[in-house]
Amino acid sequence: AQSVTQPDIHITVSEGASLELRCNYSYGATPYLFWYVQSPGQGLQLLLKYFSGDTLVQGIKGFEAEFKRSQSSFNLRKPSVHWSDAAEYFCAVVPNYGGSQGNLIFGKGTKLSVKP
Amino acid sequence: EAGVAQSPRYKIIEKRQSVAFWCNPISGHATLYWYQQILGQGPKLLIQFQNNGVVDDSQLPKDRFSAERLKGVDSTLKIQPAKLEDSAVYLCASSLDRGVWDEQYFGPGTRLTVT
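Residues numbered from 1 in each chain as written. Chains lettered and ligands numbered in written order. Predicted model: local features only at pLDDT ≥ 70, side-chain atom pairs only at ≥ 80, totals over all residues. Heavy atoms only, no water.

Draft legend 1. Geometry of the pairing of strand β12 (residues 110-115) of chain A. Residues and elements named next belong to chain A. Only one face of β12 is covered, namely the one carrying T110, L112 and V114; the face carrying K111, S113 and K115 has none of its residues buried. The pairing of strand β2 (residues 10-14) with β12 spans five bridges and is classified as parallel. Bridging from a neighbouring strand, T12 pairs with S113 of β12. Pairing of strand β10 (residues 87-94) with β12, which is carried by three bridges, proceeds in the antiparallel orientation. Among the inter-strand pairings, Y89 is bridged to a residue of β12, identified as T110. (Buried < 20%, exposed > 50% of the residue type's maximum accessible area, 1.4 Å probe, protein only. Helix = DSSP H or I, 4+ residues; strand = E, 2+ residues; numbered from the N terminus. Pairing = 2+ DSSP bridges.)

This is the structure we're talking about:
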């Protein structure tokens, strides 16, 4: 079945430590890939996206993500986490149906807590 | 530039009552979306408008949910009658157009509690 999976429901990291949030997808054709962040009381904000080309994508707030076709993954990374990064992170896809595209489909999210 | 505005921010109703949410998208954005985000889940698309026409409402429970975007600007989402399982955050988003490259901008959401 077509799906986007975020295996980790909750992750806690220390401030200054590195971060990797996992995302896997299951679609016939590689979908368009996105990461969003949702801070308490705020709307979802796009961090970065991948459509094609260079598999390492740079985003806002110091985040990057790497697309790995062989693993059907699009993991989000940050080398040094700040307390303000505590939020919920959503991986999302837009299915690619060749000449047409589907709508944005979100994973269940990973909640990030940051220890001082 | 002003972002996507939604009101109210919070609403508590009893089951079988009706409720309406309002969304004002970013000026000039042709495409407007309503999402439902149940606790512990990612947002799920309910309906997509292009100007004042519906593009996709395949996941809208039409027996109780309705939405309109008169004049292609503001939009309202209504639930009548509400059920307990409708408790969720309702997010509105808008984009310049409906291409995958057109970034969706999200409002802060309306948190609905049905008791």
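Text resumes after the structure shown.
Draft legend 2. Up close: the interface of chain A and chain B. Between chain A and chain B, the residue contacts involve 19 residues of the former and 20 residues of the latter. For the pair chain A and chain B, the number of links is zero salt bridges. In this structure, the connection of chain A to chain B is made through two residue pairs in polar contact (both at pLDDT 80 or more). Among the elements of the structure, β5 (32-38), β6 (44-50) and β10 of chain A are those that each provide at least two residues to the side of chain A that touches chain B. Looking at the side of chain A that touches chain B, the element that brings in the most residues is β5(A), giving four residues. Tallied by class, the residues present in the side of chain A that touches chain B amount to ten nonpolar, seven polar and two charged. (Contact = heavy atoms within 4.5 Å. Salt bridge = Lys/Arg side-chain N within 4 Å of Asp/Glu carboxyl O. Polar contact = N/O pair within 3.5 Å; in protein donor to acceptor, adjacent residues only side chain to side chain. Nonpolar A, V, L, I, M, F, W, Y, C, P; charged D, E, K, R; others polar.)

Draft legend 3. Broad picture of the packing of aromatic side chains. All chains considered together, the criterion is met by 15 aromatic pairs over all chains. Here F90(A) and F106(A) contribute two aromatic rings whose centre-to-centre distance is 6.3 Å and whose plane-to-plane angle is 90°, an arrangement assigned as edge-to-face. Of the two residues, F90(A) is situated in strand β10 and F106(A) in strand β11 (residues 105-106); the sequence distance between them amounts to 16 residues. F106(A) matches F90(A) in its accessibility class, with the two residues each being buried. Ring geometry for Y35(B) against F106(B): centres 5.4 Å apart, planes inclined by 45°, an arrangement best described as tilted. Here Y35(B), found in strand β4 (residues 31-37), pairs with F106(B), found in strand β10 (residues 105-106); they are 71 residues apart in sequence, far enough to count as distant. Overall, the relative accessible area of 0% leaves Y35(B) in the buried class. Judged by its relative accessible area of 9%, F106(B) falls in the buried class. An aromatic cluster is built from Y32(A), F34(A), Y36(A), F51(A), F90(A), F106(A), Y33(B), Y35(B) and F106(B), whose rings are joined through pairwise contacts. (Phe/Tyr/Trp six-rings, centres within 6.5 Å; stacked < 30°, edge-to-face > 60°.)

Draft legend 4. How the structure looks around the environment of N24(B). Residue and element names in this part refer to chain B. Within the element layout of this structure, N24 appears in strand β3 (residues 19-24). In the structure, N24 is positioned 68 residues away from C92 in sequence and 8.5 Å away in space, judged by C-alpha atoms. Among all residues touching N24, those that are not within four sequence positions of it are G3, V4, A5, V73 and D74. Side-chain polar atoms of N24 contact the side chain of D74, separated by 2.5 Å.

Draft legend 5. Molecular detail of the state of the cysteines. Residues and elements named next belong to chain A. Evaluated as defined, the whole model comprises two disulfides over all chains. Two residues share a disulfide in this structure: C23 and C91, whose sulfurs sit 1.9 Å from each other. Between C23 and C91, the disulfide has an S-S torsion of -65° and is therefore left-handed. Of this pair, C23 sits in the loop between β3 (19-21) and β4 (24-26) while C91 sits in strand β10, and the two are 68 residues apart along the sequence. (Disulfide = S-S within 2.5 Å.)

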